[in-house]
Structures are given as C-alpha cells and as structure tokens.
Amino acid sequence: MRKKIIAGNWKMNMTPSEAVELVNTLKPLVDNDEVDVVFCVPSIDIIPVVEAVKGSNIQVGAENMYFEEKGAYTGEISPAMLTDAGIKYVVLGHSERREYFAETSGTVNKKMLKAFEHGITPIMCCGESLEQREQGVTMDFIRQQVKVGFQGVTAEQAKTAVIAYEPIWAIGTGKTATTQQAQEVCKGIRECIAEIYDESVAEAIRIQYGGSVNAETAPDLFAQPDIDGGLVGGASLKPDFGKIVQYKQG
Ligand code: PEP
C-alpha cells in the first residue's frame, strides 16, 4: 500500500515571519501520521519553517532547485544548500515555472537527476493545457513530459519519486478536474511508468493530483486507486489545509 502524500505549494507567498505564523496555525491541524505531510515553501522561508516544524509530522520541501552543484549562477539555489537546510522534497517543473521561467522537460530532467544524487525526493509536475485537452492530446503530452523527466533515473530512484498530475486549466482557477478525469490521467501516468520500468516501480511510485483541491473535493479524489494524495496551492495557506490532510474524517 502506498502512503498518501499531501503537499502544500505556497508559491510566492508568505514572508519569513508570516511563514512561521502559518506553520504554528497549521501544525495541530495537520497532525496525521497516516499521510506524509509536506510544506513546499519559498527559499527564504526554508530555514525558519524547518525550525518551526521541529517535533511535528511536517516535512519541508523547496519549490525549485538548480541542477549544478555550485558556482556562478546568480539567484539560484543548489541541492547542497537545500539538504543542509533540512529539505527532503523539491517541486520540479511546476507549470508556472514552465510558463514564466522557460523551464523545459530537459531542464526538469537535469534537476531530477541532481535531486536524487543528493537524496532529495522530487515532486515532478506534469499536466496539459485546456487547448491540449480539447484537442485530445492530453495523454500523449503527459507521457512525453514523464518520459523526458525520468530519463536516466534508475528504477530504485523512480520508486521513491512523486509525480504531481496538475492540469494547467485547473490550477488556481477554482476548477477541479472531475474525479474521473484525475483518476484516468493518474492511471495513464502509472502505465507509462510501467512501460519505462516495470510493474514494481509503477506500484511503488506515488502520483498526486493537483489543481484547486479543497476540503470538499479531497476525499473523493484521494479515494481513487491511482491518486496517492495531492499537491495543493491556494488551500495550503489556509486552515482548510488541515481538513484536506484529515480528509478521511470529513
Ligand atoms: C499548485 O500550485 O500546484 C496548485 C495545484 O494550485 P491550486 O491548488 O491553487 O490550484
């Protein structure tokens, strides 16, 4: 049985002091050992958030990372900086990074390899635009993102990875994919992983759904056989995130 993983993506929100306040509000609400709870936070919030979550079940993730070890890459953050600060996860290839910061599946792949090298678990995002869905090319597009993203990743590494299926049209729009749409694509991603590796990797890898997840939609989504939790944007900044993490009690 795969353990569910519910991660918040704070995006470019929360100053360091606001971040600590939010952690202190959410800490008692997300206390649930049955699921992995991850707060993916802006770089400047990492150190205070790692400190603030001490003694709780919350793990901390970054929202991005560079693929080089160190050097003249002004403004970037290295994997060693992240691990030294206590980071366990990193979101890679979020559609906002692909759209606004020219992230490609090629650079996502380099970052994936580097994250594994440093023992950081990648949460690799993939997902189609509304246009692609309407053209009927959703699965072709996502399969390509997954295949390129996992190039050179070993089977043992892939087993520990997390993939977040995030239809672009559902992110920050309040428009959640239907449970059926989300399950269908997550199943397709698992089949793609089985083709690249084998059934044992496909069975082990965790696949999240992301896109306007809220306390009402979470229970149904997370009950699907191929949905192993969620990547949550807007709702992760509110007490609602506690209800999402405690989705079974709703
Ligand atoms: C996200 O940013 O990964 C996301 C899914 O955002 P939201 O939940 O706000 O749609």
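Summary of the structure given here. The structure displayed is predicted, hence computed values, not measured ones.

Considerations on the packing of helix 5 (residues 105-117) against helix 7 (residues 138-149)
Then, number 1: Packing of helix 5 against helix 7 brings their axes to within 8 Å, and their N-to-C directions diverge by 40°. Compared by their axis directions, helix 5 and helix 7 come out oblique. The two elements helix 5 and helix 7 cross, and the hand of that crossing is right-handed. Between helix 5 and helix 7, the contacting residues are S105, G106, N109 and M112 on the first element and Q145, V148 and G149 on the second.
Then, number 2: For the contact of helix 5 with helix 7, the residue count by class is two nonpolar, five polar and no charged.

Observations concerning the sheet that holds strand 7 (residues 206-210)
Then, number 1: As summarised here, the arrangement of the eight strands in space is 1-2-3-4-5-6-7-8, forming a closed barrel in which the pairing is parallel. Taking the axes of each pair of neighbouring strands and ignoring which way they run, one obtains an average angle of 25° across the sheet.
Then, number 2: Of the strands in this sheet, strand 5 (121-126) and strand 6 (162-165) are in contact with helix 7, which crosses strand 5 at around 155°.

Remarks on helix 9 (residues 179-196)
Then, number 1: Taking 1.5 Å per residue as the helical rise, helix 9 with its 18 residues ought to reach 26 Å, and the 26 Å between its terminal C-alpha atoms agrees with that figure.
Then, number 2: For helix 9, the set of buried residues is A182, Q183, V185, C186, G188, I189, R190, C192, I193 and A194.

Here we look at the site of the ligand
Then, number 1: Near the ligand there are 14 residues, and of these K11, E166, G172, S212 and G233 occur at the shortest range.
Then, number 2: In the model, an oxygen atom of the ligand is placed 2.8 Å from a nitrogen or oxygen of the G233 main chain.
Then, number 3: In the environment of the ligand, an oxygen atom lies 2.8 Å from a nitrogen or oxygen atom belonging to the backbone of G234.
Then, number 4: With the chains in place, 96% of the 290 Å² that the ligand exposes on its own is no longer accessible.
Then, number 5: A per-class count over the shell around the ligand returns four nonpolar, eight polar and two charged.

Points about the pairing of strand 6
Then, number 1: Residues V162 and A164 point to one face of strand 6 and I163 and Y165 to the other, with burial holding for every one of them.
Then, number 2: Alignment of strand 5 against strand 6, held across four bridges, turns out to be parallel. If you follow M124 over to strand 6, its bridge partner there is I163.
Then, number 3: Here four bridges tie strand 6 to strand 7, and the two strands are oriented parallel to one another. Paired with I163 across the two strands is I207, which belongs to strand 7.

So, helix 7
Then, number 1: Here helix 7 is 12 residues long and its end C-alpha atoms lie 16 Å apart, about the 16 Å a rise of 1.5 Å per residue gives.
Then, number 2: Those residues of helix 7 that sit buried are T138, I142, Q145, V146, V148 and G149.
Then, number 3: For helix 7, the elements touching its buried residues are helix 4 (95-100), helix 5, strand 5, helix 6 (130-135), strand 6 and helix 9.

Things to note about unusual backbone geometry
Then, number 1: Despite not being glycine, M14 shows a phi value in the positive range, around 85°.
Then, number 2: By relative accessible area, which is 25% here, M14 ends up partly exposed.
Then, number 3: In this model, S212 sits at a positive phi of 55°, which is unusual for a non-glycine residue.
Then, number 4: By the element assignment, S212 lies in the loop between strand 7 and helix 11 (218-222).

Calculation rules
Residues numbered from 1 in each chain as written. Predicted model: local features only at pLDDT ≥ 70, side-chain atom pairs only at ≥ 80, totals over all residues. Heavy atoms only, no water. Axes fitted to C-alpha atoms, helices over the stretch in contact; angles between N-to-C directions. Helix = DSSP H or I, 4+ residues; strand = E, 2+ residues; numbered from the N terminus. Parallel < 35°, antiparallel > 145°, perpendicular 65-115°, else oblique. Left-handed = near helix turned anticlockwise from the far one by under 90°. Contact = heavy atoms within 4.5 Å. Nonpolar A, V, L, I, M, F, W, Y, C, P; charged D, E, K, R; others polar. Pairing = 2+ DSSP bridges. Expected span 1.5 Å × (residues − 1). Buried < 20%, exposed > 50% of the residue type's maximum accessible area, 1.4 Å probe, protein only. Near = heavy atom within 4 Å. Polar contact = N/O pair within 3.5 Å; in protein donor to acceptor, adjacent residues only side chain to side chain. Areas by Shrake-Rupley, 256 points an atom, 1.4 Å probe, with all protein chains shown as cover.

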